[in-house]
Amino acid sequence: MEAVLVVNAGSSSLKFQIFGIAGGGLQRQVRGKIDGIGTHPHLKASNADGTDLVDRALDSSTVRDLPTAIAEARNWLGGVDGIELRAIGHRVVHGGPDYVRPVLIDAAVLERLASYQHLAPLHQPNNLAPIRLAMDINPDVPQVACFDTAFHRGRAEHTDCYALPHAFYEDGIRRYGFHGLSYEYIAERLREVAPDIAGGRVIVAHLGSGVSMCALKDGRSVETTMGFTALDGLPMGTRPGQLDPGVILYLLTHHGMSAQEISDLLYHDAGLKGLSGISNDMRELSASEDPRASFAIDHFVHRCSLHAGMLAAALGGLDAFVFTAGIGENSATVRARIAERLDWLGAELDAKANDTGAPVVSRAGSRVSLHVIPTDEELMIARHTLALLRV
Ligand code: AMP
């Protein structure tokens, strides 16, 4: 079967999925990942119905970094029967100011994507590593880059800038926004499951390890909570979200912290983890009786409610609110607490529907409908890749 391979490479994990091309559409065949790269590497993959195909620890001296993990995944994928690779779609975090849609990769595109490395130093090099490798090993297989930023690029310039002298904007210091593949998928899915509101004013809350919200008008991003980097906006597992820039200056001048120390604090030790001192994991915090855990959740809900109000203002009102990603899809408690804070906008939660994980969790007659829609960034990448193959 002809297939598209989707690759999402991070610093400590490599995720991959195979989609068969069948009857003009896509069918997920394999979902896999190697996580614990650099510590305890582990390969796990399952087929379309969730049956394990492999689940084993890997030798940490063999699989010691991303390139060796890619080689391992390649070996394993080589043994999957009946797959004829037609293209590879990659998640690339940063498309810079230029890329407003996915792009077929050649040497010039790769060079330009590498030039955005300073905009996303933790992610971009990892995203590009498998592209380079595949170019060397399978030069005839087309590769497509799909960006987290692209979906937000059509926003008006006055929403896309910081109040800094314009030269900084030209230098690429802009409010890019992220999680674009997730928002794009939800916008498409809304057209299928709720066509009456898909063209309206919708806030999508991507509440996972990374957290952001996006204001959609007629399926397009008009405002979002993340900015120049994926640190901005809402509190996350280990990132703080919005922070007065004066805090950074204070840490530099009064605490004598280095740029690297501040980066480590902001990317790895802040957010739910830093605030609770317990965990970055919402499930763990929700189960804990430690008051610091509920304090961190209170802060999370508070900030989500404030930013929802900001996005509702950007939209001039609200027709629907969508919860997605790990917390949004699975935590009825967090959904209920955020929904409660949206009552001034006209959102009325149906507690029973919410507790049973229904796709619509608002009451009949609620002025703002509340939805739970599982996101699928990998399917979005596969769709884009297939579409570019056909151009
Ligand atoms: P993601 O990055 O989308 O995989 O989301 C990860 C986040 O979702 C983590 O904070 C998890 O603790 C959280 N999560 C997953 N399942 C649940 C659940 N049942 N209740 C609360 N949080 C959950």
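Bear in mind the structure is a predicted one, so any value in this text is a computation, not a measurement. (Residues numbered from 1 in each chain as written. Predicted model: local features only at pLDDT ≥ 70, side-chain atom pairs only at ≥ 80, totals over all residues. Heavy atoms only, no water.)

## A closer look at the sheet that holds strand β5 (residues 52–57)
Phase 1: Strand order in the open sheet formed by 8 strands is β5-β4-β3-β2-β1-β6-β8-β7, and the pairing between neighbours is mixed. For this open sheet the edge positions go to β5 and β7 (103–104), each flanked by a neighbour on one side alone.
Phase 2: Bridging between β7 and strand β8 (residues 143–147) involves 2 bridges; their strand directions are antiparallel. Paired with L104 across the two strands is V144, which belongs to β8. (Pairing = 2+ DSSP bridges. Helix = DSSP H or I, 4+ residues; strand = E, 2+ residues; numbered from the N terminus.)

## Remarks on the site of the ligand
Phase 1: Contacts to the ligand come from G208, S209, D281, M282, R283, A325, G326, I327, N330 and S331.
Phase 2: With respect to the ligand, the backbone of R283 contributes an N or O atom lying 3.0 Å from an oxygen atom.
Phase 3: Measuring from an oxygen atom of the ligand, one finds a backbone N or O atom of G326 at 2.9 Å.
Phase 4: Notes on the ligand: free accessible area 500 Å², of which the protein chains cover 71%.
Phase 5: Secondary-structure elements contributing two or more residues to the shell around the ligand are α11 (282–287) and α13 (325–330).
Phase 6: Counting residues per element, the shell around the ligand draws most heavily on α13, at 4 residues. (Near = heavy atom within 4 Å. Polar contact = N/O pair within 3.5 Å; in protein donor to acceptor, adjacent residues only side chain to side chain. Areas by Shrake-Rupley, 256 points an atom, 1.4 Å probe, with all protein chains shown as cover.)

## Digging into the UniProt feature "binding site: Mg(2+)" (unreviewed entry) in the protein chain
Phase 1: When the UniProt feature table is mapped to this numbering, "binding site: Mg(2+)" (unreviewed entry) covers N8 and E377. Annotated residues spanning 370 residues; largest pairwise C-alpha distance 9.7 Å, indicating a single compact cluster.
Phase 2: For N8, the position within the fold is in strand β1 (residues 2–9).
Phase 3: Exposure remark for E377: the relative accessible area of 11% places this residue in the buried category.
Phase 4: Leave out the neighbours within four places in its chain, and E377 touches R91, L181, S182 and H206.
Phase 5: Looking at E377, its side chain comes within polar contact range of the side chain of R91, at 3.0 Å. (UniProt positions renumbered as here; feature names shortened; annotations may be inferred. Buried < 20%, exposed > 50% of the residue type's maximum accessible area, 1.4 Å probe, protein only. Contact = heavy atoms within 4.5 Å.)

## Remarks on the sheet that holds strand β9 (residues 201–207)
Phase 1: Judged by pairing direction, the sheet is mixed, and its 5 strands sit side by side in the order β11-β10-β9-β12-β13 without closing on themselves. Pairing within the sheet leaves two strands with one partner each, and these edge strands are β11 (220–224) and β13 (369–372). The sheet shows a mean angle of 25° between the axes of neighbouring strands, taken without regard to direction.
Phase 2: Of the strand pairs in this sheet, β9 and strand β12 (residues 320–324) are connected by 5 bridges, and their pairing is parallel. Bridge pairing links I203 to F321 in β12.
Phase 3: Lying over the sheet, helix α12 (residues 291–315) contacts β9, β10 (211–217), β11 and β12, oriented at roughly 20° with respect to β10. (Axes fitted to C-alpha atoms, helices over the stretch in contact; angles between N-to-C directions.)

## Some thoughts on the packing of α12 against helix α14 (residues 332–340)
Phase 1: Two elements in contact, α12 and α14, have axes separated by 9 Å at closest approach and are oriented at 45°. Of the possible angle classes, the one that applies to α12 and α14 is oblique. The way α12 lies across α14 gives a crossing that is right-handed. Residues I297, D298, F300, V301 and C304 of α12 form the contact with α14, whose participating residues are V334, R337 and I338.
Phase 2: Among the residues forming the contact of α12 with α14, the class breakdown is 6 nonpolar, no polar and 2 charged. (Parallel < 35°, antiparallel > 145°, perpendicular 65-115°, else oblique. Left-handed = near helix turned anticlockwise from the far one by under 90°. Nonpolar A, V, L, I, M, F, W, Y, C, P; charged D, E, K, R; others polar.)

## So, unusual backbone geometry
Phase 1: Here the phi dihedral of D218 falls at roughly 50°; this positive angle occurs in a residue that is not glycine.
Phase 2: Turning to its location among the elements, D218 is positioned in the loop between β10 and β11.
Phase 3: You will see that A325, though not glycine, has its phi angle at about 70°, which is positive.
Phase 4: For A325, the location among the structural elements is in helix α13.

## What about the packing of helix α2 (residues 107–115) against helix α3 (residues 124–137)?
Phase 1: Running from amino to carboxyl end, α2 crosses α3 at an angle of 160°, the nearest separation of the two axes being 10 Å. One way to sum up the angle between α2 and α3 is to call them roughly antiparallel. The two elements α2 and α3 cross, and the hand of that crossing is left-handed. In this structure, α2 uses A107, L110, L113 and A114 to contact α3, whose residues at the interface are Q124, L128, I131, R132 and M135.
Phase 2: Counted by class, the contact of α2 with α3 contains 7 nonpolar, 1 polar and 1 charged residues.

## Overview of the nonpolar core
Phase 1: By size, the foremost hydrophobic cluster in this structure holds 56 residues, and its most contacted members are I203, L207, M213, F300, F321, I338 and L370.
Phase 2: Counting residues per element, this core draws most heavily on α12, which supplies 10 residues.
Phase 3: Filtering out sequence-adjacent residues up to four positions away, I203 remains in contact with M213, C214, A308, L311, A312, L315, L318, A320, F321 and V322.
Phase 4: One finds I21, A187, I197 and A320 within the second-largest nonpolar core, a separate group that totals 28 residues. (Core = buried A, V, L, I, M, F, W, Y, C linked by side-chain atoms within 4.5 Å.)

## Remarks on the packing of aromatic side chains
Phase 1: Enumeration according to the criterion identifies 5 aromatic pairs in this entry.
Phase 2: Ring geometry for Y99 against Y116: centres 6.5 Å apart, planes inclined by 80°, an arrangement best described as edge-to-face. Taken as a pair, Y99 in the loop between β6 (84–92) and β7 and Y116 in the loop between α2 and α3 lie far apart in primary sequence, 17 residues in all.
Phase 3: Its relative accessible area of 12% is what places Y99 among the buried residues.
Phase 4: Residue classification places Y116 among the buried positions, given a relative accessible area of 5%. (Phe/Tyr/Trp six-rings, centres within 6.5 Å; stacked < 30°, edge-to-face > 60°.)

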